[in-house]
Each structure stands twice: as C-alpha cells, then as structure tokens.
Amino acid sequence: MPRIQNSIIICKDPQTVFDITNDIERWPILFNEYHGAKILNRESEGRYTRLVFQLTNAEGNTWRSQRLLDRQQMVATAEREEPLYPFAYMHLKWTCEAAPEGTKMTWTQDFELDPKYPDPLPVVLDRMNAHTVENQQNIKEKIESGQAEKLAAEATR
C-alpha cells in the first residue's frame, strides 16, 4: 500500500490549527486546488463529528468524501467515497499534536491507484508528496499570518 506522510510545525496552538484545517468550507481559502467545498451532512455527538462533503477542483471535477473528527484527540480520519478514480481507495489521517513551537500537523495518505490510471506509481508518489508539502507550507503561512481567519471572515460577509 503506497503511503505519503508529511509533517510541518505551525506556530499556533493545536486547537486553532485543528479547527481551521477541518473547516471544510474554508478549504477554497486554504488550498489552491479547491474551488468549491460544500458540507452535505454533519452529525455531531460528544467528541466526534462526522462530515460528508463535496469538493470541486480547478478543472471542475467533483467528488464526495467523508471525515470523522475526534475533537478530543485532534485527529481527523477521512476517505474518498465517490467517485474513487483515480484511486481504488484513498484513506487520510490528519493529526495535530502540541509541539514546543506550537503544533506539529501530520498528514498521512494511504491509497491504491485504480489499475486503469495511466501514470506509474513512482510519478504519482513524487507528485503527491510535493503537492502535500506545498499545501502544508501554504496553510502554515495562512494560519500564522492570520490570513486564513481574515479571508474566512470576509467570505461570510
């Protein structure tokens, strides 16, 4: 099973990082590739929140995913649901842990490519790894600068 795992230190407290990075509707602000993000279903009970949501990328491709937030442990587990292509499956785990400088945010992606996907696995791994590092750096900058909260506030006006 291929795995991509990357961590970054964000100079904010873990709860703030967890809340911002799991606010799905804020993803078009945090991620360059998402042009749409919509919550389809939200269920909360105790420390857990289950989200079903739809994402749209720059090319107009749309897919549905589900995400389980453990607010006590600050862990989000997710999987892509429909359509799966270009994957046979995609499972994600995001953690936010206290670190001396703020928060260590780690993203783990376990997946298999659809056998019909034309690009070889090493090319996909390189592309996904570079993309994850870029996204984490962008998110770090937007959270630390306060831009993520400012843009979210402007979007709700």
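Model, not experiment: these values are computed from the prediction. Counting restarts for each chain: residues are numbered from 1 in the order of the written sequence. The predicted origin of the model limits local features to residues at a pLDDT of at least 70 and limits the giving and counting of side-chain atom pairs to 80 or more, whereas totals for whole chains, interfaces and linings rest on all residues. Only hydrogens and water are set aside when side-chain values are computed; all heavy atoms of the structure are taken into account.

Draft legend 1. Quick look at the nonpolar core. Side-chain atoms within 4.5 Å are what join buried Ala, Val, Leu, Ile, Met, Phe, Trp, Tyr and Cys residues into a set we call a nonpolar core. A simple rule labels every residue: compare its accessible area, found with a 1.4 Å probe on the protein chains alone, to the largest value its type can have, and call it buried under 20%, exposed over 50%, or partly exposed in between. Counting residues in hydrophobic clusters, the biggest one holds 26 residues, and the most contacted among them are Ile 24, Trp 27, Phe 31, Leu 55 and Met 105. With near-sequence residues (within four places) excluded, Trp 27 lies in contact with Thr 21, Tyr 34, Phe 53, Leu 55, Arg 67 and Trp 94. If you look at the next biggest cluster of nonpolar residues, it comprises 7 residues, including Ile 4, Phe 87, Met 90 and Met 128. Note on definitions: a residue-residue contact is assigned when non-hydrogen atoms from the two residues lie within 4.5 Å.

Draft legend 2. Representation of the pairing of strand β7 (residues 102–113) within the structure. Summarising burial for β7: 10 of the 12 residues are buried, a large majority. Pairing between two strands is assigned when DSSP locates at least 2 bridges connecting them. Elements are defined by DSSP. Helices are runs of H or I of four residues or more, strands are runs of E of two residues or more, and each kind is numbered from the N terminus. Here strand β1 (residues 3–10) pairs with β7 via 8 bridges, running antiparallel. Its bridge partner being in β7, Ile 10 is matched across the sheet by Thr 103. Two elements, strand β6 (residues 87–99) and β7, share 12 bridges in a ladder whose sense is antiparallel. Its bridge partner being in β7, Thr 95 is matched across the sheet by Thr 106.

Draft legend 3. Summary view of the environment of Pro 86. In this fold, Pro 86 is placed in the loop between β5 (75–82) and β6. We classify Pro 86 as buried; its relative accessible area is 19%. For Pro 86 and Leu 113, which are 27 residues apart along the polypeptide, the C-alpha to C-alpha distance reads 6.1 Å. Not counting residues within four places of it along the chain, the set of residues in contact with Pro 86 comprises Arg 80, Leu 113, Asp 114 and Tyr 117.

Draft legend 4. Spotlight on the sheet that holds β6. Taking strand neighbours across the sheet as the criterion, the 7 strands line up as β1-β7-β6-β5-β4-β3-β2 in an open arrangement whose pairing is antiparallel. Of all strands in the sheet, those bounded by a partner on one side alone are β1 and β2 (34–45). When the angles between neighbouring strand axes are averaged without regard to direction, this sheet yields 20 degrees. To define axes, lines are fitted to C-alpha atoms, for helices over the stretch in contact only, and angles between the resulting N-to-C directions are given on a 0 to 180 degree scale. The strands touched by helix α1 (residues 14–21) are β1, β4 (62–70), β5, β6 and β7; relative to β6, the strand with the most contacts, the crossing angle is about 155 degrees. Against the sheet, helix α3 (residues 121–145) makes contact with β1, β6 and β7, and its axis sits at roughly 20 degrees relative to β1, the strand it touches most.

Draft legend 5. The arrangement of the UniProt feature "domain: Coenzyme Q-binding protein COQ10 START" (unreviewed entry) in the chain in detail. UniProt positions are given in the numbering used here, feature names are shortened, and annotations may be inferred rather than shown by experiment. Under the present numbering, the feature "domain: Coenzyme Q-binding protein COQ10 START" (unreviewed entry) in UniProt falls on residues 13–123. For residues 13–123, helix accounts for 14% and strand for 58%, while the C-alpha atoms at its two ends are 35 Å apart.

Draft legend 6. Quick look at the packing of aromatic side chains. Centre distance within 6.5 Å is the pairing criterion for rings of Phe, Tyr and Trp, where only the six-membered ring of Trp is used; planes under 30 degrees apart are then read as stacked, over 60 as edge-to-face, and the remainder as tilted. One pass over the structure, following the stated rule, counts 11 aromatic pairs. Members of the aromatic cluster, each reached through a chain of ring pairs, are Trp 27, Phe 31, Tyr 34, Phe 53, Trp 63, Trp 94 and Trp 107. One cation-aromatic arrangement involves Arg 67 over Trp 94; the distance from NZ or CZ to the ring centre is 4.1 Å. The criterion is that NZ of a Lys, or CZ of an Arg, lies within 6 Å of the ring centre and within 35 degrees of the ring normal, and then a charge sits over that ring.

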